[in-house]
Amino acid sequence: MADMFEGTRDINAPSDQPKVATNTDDRGGNSPEFKLAVRLYTQGKQVRKQYDQDWDKWLKWYGGQQWDWRRPSYKASPSLNILRAAVQTVLPIMTDASPDFDVNPQEPTDYGFADTMQKLVENWWQRRNMQVVLTTTILDSLIFPVGVMKCVWNDEVDGIGDIECTRVDPRNIYVDADCTDFTDAKYIIEEKWIGTAELKLKFPDKAKFITGARTTTDPKQKTESKTMSGDITLQS
């Protein structure tokens, strides 16, 4: 659990890391939907910028990276990770017990049905490994100022469809400036980074428009590159 964040990508990295810049090409054509999506995405990033400046720093501190990566290798870099100790103390207290579900009947004849529904809900919680999803979401809320769980109906689950809940990295969520929470948000954007091969497979008719953006890792680490697609370009 504690190591789940290792290797995560910094989407709001400081100036000495790769920067995020919008792609200015016209692969979206003149589609109004495309232009609207880009405009809302750009607005969402600008709105959140005043809040997320330290998010990646907090995540690094939790992972024990208290020293700047530019620190010379010949210098000792001791660290006392009080943040991780505090988070790992609070997290088990908040998630030790699973939530209880109560399905109450509306009529006296509904007791049998309510009991069956309650058992189904409890079974779903176990089958979908929801305790882990809940724990990772709460872990986000202890490191960042927010934890996000996404619940949708997935037609492909078990061939018949089912509710699917997943933890979403808060750094990949953007909302409008006027909302106070998700219930009154005019839009919610989830940023996803998908390989070009997967996108071309899903959208073969748009394959000629799908190109990759090259990303590189920390300059002090072994150089690696990864090709991702979309309208965002990581440039150093």
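Shown above is the structure to which this text applies.
Only a predicted model underlies this, so the values are computations on that prediction, with no experimental measurement involved. (Residues numbered from 1 in each chain as written. Predicted model: local features only at pLDDT ≥ 70, side-chain atom pairs only at ≥ 80, totals over all residues. Heavy atoms only, no water.)

Student: Is there a simple way to explain the overall build of the protein chain in this structure?
Tutor: Scanning the protein chain for helices and strands turns up six helices and eight strands. Sequence-ordered secondary structure for the protein chain, helices as α and strands as β, is β-α-α-α-α-α-β-β-β-β-α-β-β-β. A buried classification covers 27% of the 236 residues belonging to the protein chain. Excluding contacts between residues fewer than 6 apart, the proportion of contacts in the protein chain whose partners are at least 24 apart in sequence is 59%. About 15900 Å² of surface is accessible on the protein chain, with carbon and sulfur atoms providing 54% of the total. (Helix = DSSP H or I, 4+ residues; strand = E, 2+ residues; numbered from the N terminus. Buried < 20%, exposed > 50% of the residue type's maximum accessible area, 1.4 Å probe, protein only. Contact = heavy atoms within 4.5 Å. Areas by Shrake-Rupley, 256 points an atom, 1.4 Å probe, with all protein chains shown as cover.)

Student: What am I meant to see in the state of the cysteines here?
Tutor: Joining two cysteines, a disulfide is a covalent bond between their sulfur atoms. A complete count under the given rule lists one disulfide for this structure. With its sulfur 2.4 Å from that of its partner, C151 forms a disulfide with C165. Residues C151 and C165 are joined through a disulfide that is right-handed, its torsion about the S-S bond being 115 degrees. Taken as a pair, C151 in strand β2 (residues 148–154) and C165 in strand β3 (residues 162–168) lie far apart in primary sequence, 14 residues in all. (Disulfide = S-S within 2.5 Å.)

Student: Sorry if this is basic, but what is going on with the packing of helix α2 (residues 55–62) against helix α3 (residues 82–95) here?
Tutor: Two measures define how a pair of helices packs: the angle their axes make with one another and the distance between the axes. Where α2 contacts α3, the two axes come as close as 7 Å, and the packing angle between them is 85 degrees. As summarised for this structure, α2 and α3 are arranged roughly perpendicular, according to the angle between their axes. Between α2, through W58, W61 and Y62, and α3, the contact on the second element is made entirely by L83, R84, V87 and Q88. (Axes fitted to C-alpha atoms, helices over the stretch in contact; angles between N-to-C directions. Parallel < 35°, antiparallel > 145°, perpendicular 65-115°, else oblique.)

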